[in-house]
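What follows is each chain in one-letter form.
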Amino acid sequence: MKKLSLFFGSALLIASLLFSGCEKNPAPGPGEDSILPQSFKVDIPDAISRQASTNKSATVDTLKGNDIYEHLANFINIGEGAAGIVQDVIGAITVYHINKPMSFSFQSDDDGRTKNVTVVANSSYDNATWEFQMTITDAESEGNDDGGKAIQIFWNRDPVEGIALLKPYNIDRRNDGKDASAMFRIDYSETGDHGYDAHMLVYIAGLPVADPLEDPYSMSALKMFVGKKGDYVDVYGNSNHPNATFFAGHAGFNWAFVAAGNGSDDIGVAEVGLPPSNLDEPSRSVLLGYYSIKDVFTREIMEVWPGIDPASIEAFLYNTSAPGFFDAAGFVSGGTSPGSQYDDLVARIQDLSPYNPKEISNLVIAFKD
């Protein structure tokens, strides 16, 4: 998990520095309105999106709830970080005062390579026509199969909605290329679709999978929906972990999840299933019921130790009960609500469902030609 967090932490840094210090050639004068969207991300409460947190459960001889639930918060954090890169790129490129279709080039201060920027109007992508499209390419790589594309953003201004496609390898070539296939896509909307003030879909594919001896929970792909309504944020989706194993040695699982958080109180509730990566099944009752953390672990423990006392299993897996409850410090408890302030969140997740695991495991993202 540390390696993935560092990968996207570095990508965020790359985005924030990508355009700093670069010379404009040409660019409109200052003071003119930008056509770039002001927002392209939904913020997720820290309670359910974090790289690390403190476990408050201290029951001896039990599987700590954060062994699974805190991994979920990390995976959600990676998805939120991917959307943050888009937001940072848009913020950084405003220095060019993009107020109409245009083209220019600059030399990146990060990898020293020339990047080409093209903005066009009335572009079609994903069965829709967009008011604008911006494409940034690595100039020396434009003859490659991917066209050297680093970023493509399609958007409308009123209301704001759009799609962003990113390939970090073409943003900054200073790494060793092992993440060259990694791509992600962010769909963002303030149109009120799905009953939210704003929502986003995050897709990540092609992540390099770490050596299972170093990181058995390394993530290869993710699809996540995030919707904000007032102080509430609903999140659901799947992340795929091809090398993940538990007790019986079976490898390849999704973290299939639903979660809800309250931003003002910084509390959250999550329910997690652990279906096999190759499972072709969209049903909530299967993904979060039959493949609940507790049921998956119970079956695997009994497969390895068929004569074990069921009471011992129950005691050992106490903190794996659903749902998991979180506050600003991290995981609080599994199965037992800490208080009535969580009631609305518990109710909200009942209407949310993850995606089909097989679809996430086979996820592919591609630029527009």
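A short tour of the structure in this document, coming up. As the structure is a prediction and not an experimental result, all values here were calculated from the model. (Residues numbered from 1 in each chain as written. Predicted model: local features only at pLDDT ≥ 70, side-chain atom pairs only at ≥ 80, totals over all residues. Heavy atoms only, no water.)

## Some details on the pattern of salt bridges
Between side chains of opposite charge, pairing is possible as soon as their charged atoms come close. Just so we agree on the cut-off: The term salt bridge refers to a pairing of a side-chain nitrogen on Lys or Arg with a carboxyl oxygen on Asp or Glu at a separation within 4 Å. Counting from the N terminus, the helices are DSSP H or I runs at least four residues long and the strands are E runs at least two residues long. Three labels apply to residues, based on accessible area from a 1.4 Å probe with only protein chains included: buried if under 20% of the type maximum, exposed if over 50%, partly exposed otherwise in between.
Applying the stated rule across the entire model yields 15 salt bridges. Residues Arg185 and Asp126 are paired through a salt bridge, measuring 2.8 Å at the closest nitrogen-oxygen approach. Taken together, the positions of Arg185 in strand 6 (residues 183-189) and Asp126 in the loop between strand 2 (114-125) and strand 3 (128-138) put the pair 59 residues apart, joining distant regions of the chain. Between Arg284 and Glu271 there is a salt bridge, with the nearest N and O atoms lying 3.6 Å from each other. On the criterion of sequence distance, the pair formed by Arg284 in helix 4 (residues 284-290) and Glu271 in strand 11 (residues 267-273) is long-range, its members being 13 residues apart. For Glu271, a relative accessible area of 13% puts it in the buried group. Each of Asp111, Arg113, Lys115, Asp138 and Glu140 takes part in one network of salt bridges that share partners.

## Here's the deal with the packing of aromatic side chains
So the rule is basically this: Two rings from Phe, Tyr or Trp (for Trp, the six-membered ring) form a pair when their centres sit within 6.5 Å of each other. Planes less than 30 degrees apart are called stacked, planes more than 60 degrees apart edge-to-face, and all others tilted. To sit over a ring, a charge needs its Lys NZ or Arg CZ within 6 Å of the ring centre and within 35 degrees of the ring normal.
Taken as a whole and assessed by the stated rule, the structure comprises 21 aromatic pairs. Note on Tyr217 and Phe246: the rings are 6.4 Å apart at their centroids and 25 degrees apart in plane angle, and the pair reads as stacked. Of the two residues, Tyr217 is situated in the loop between strand 7 (198-205) and strand 8 (221-229) and Phe246 in the loop between strand 9 (232-241) and strand 10 (253-262); the sequence distance between them amounts to 29 residues. Every member of this aromatic cluster is reached through a ring pair, and the members are Phe75, Tyr217, Phe246, Phe247, Phe253, Trp255, Phe297 and Phe316. Taking NZ or CZ as reference, Arg185 lies 5.2 Å from the ring centre of Tyr203, over its face. In this structure, Arg299 is placed above the aromatic ring of Tyr290, and the distance from its NZ or CZ to the ring centre is 3.8 Å.

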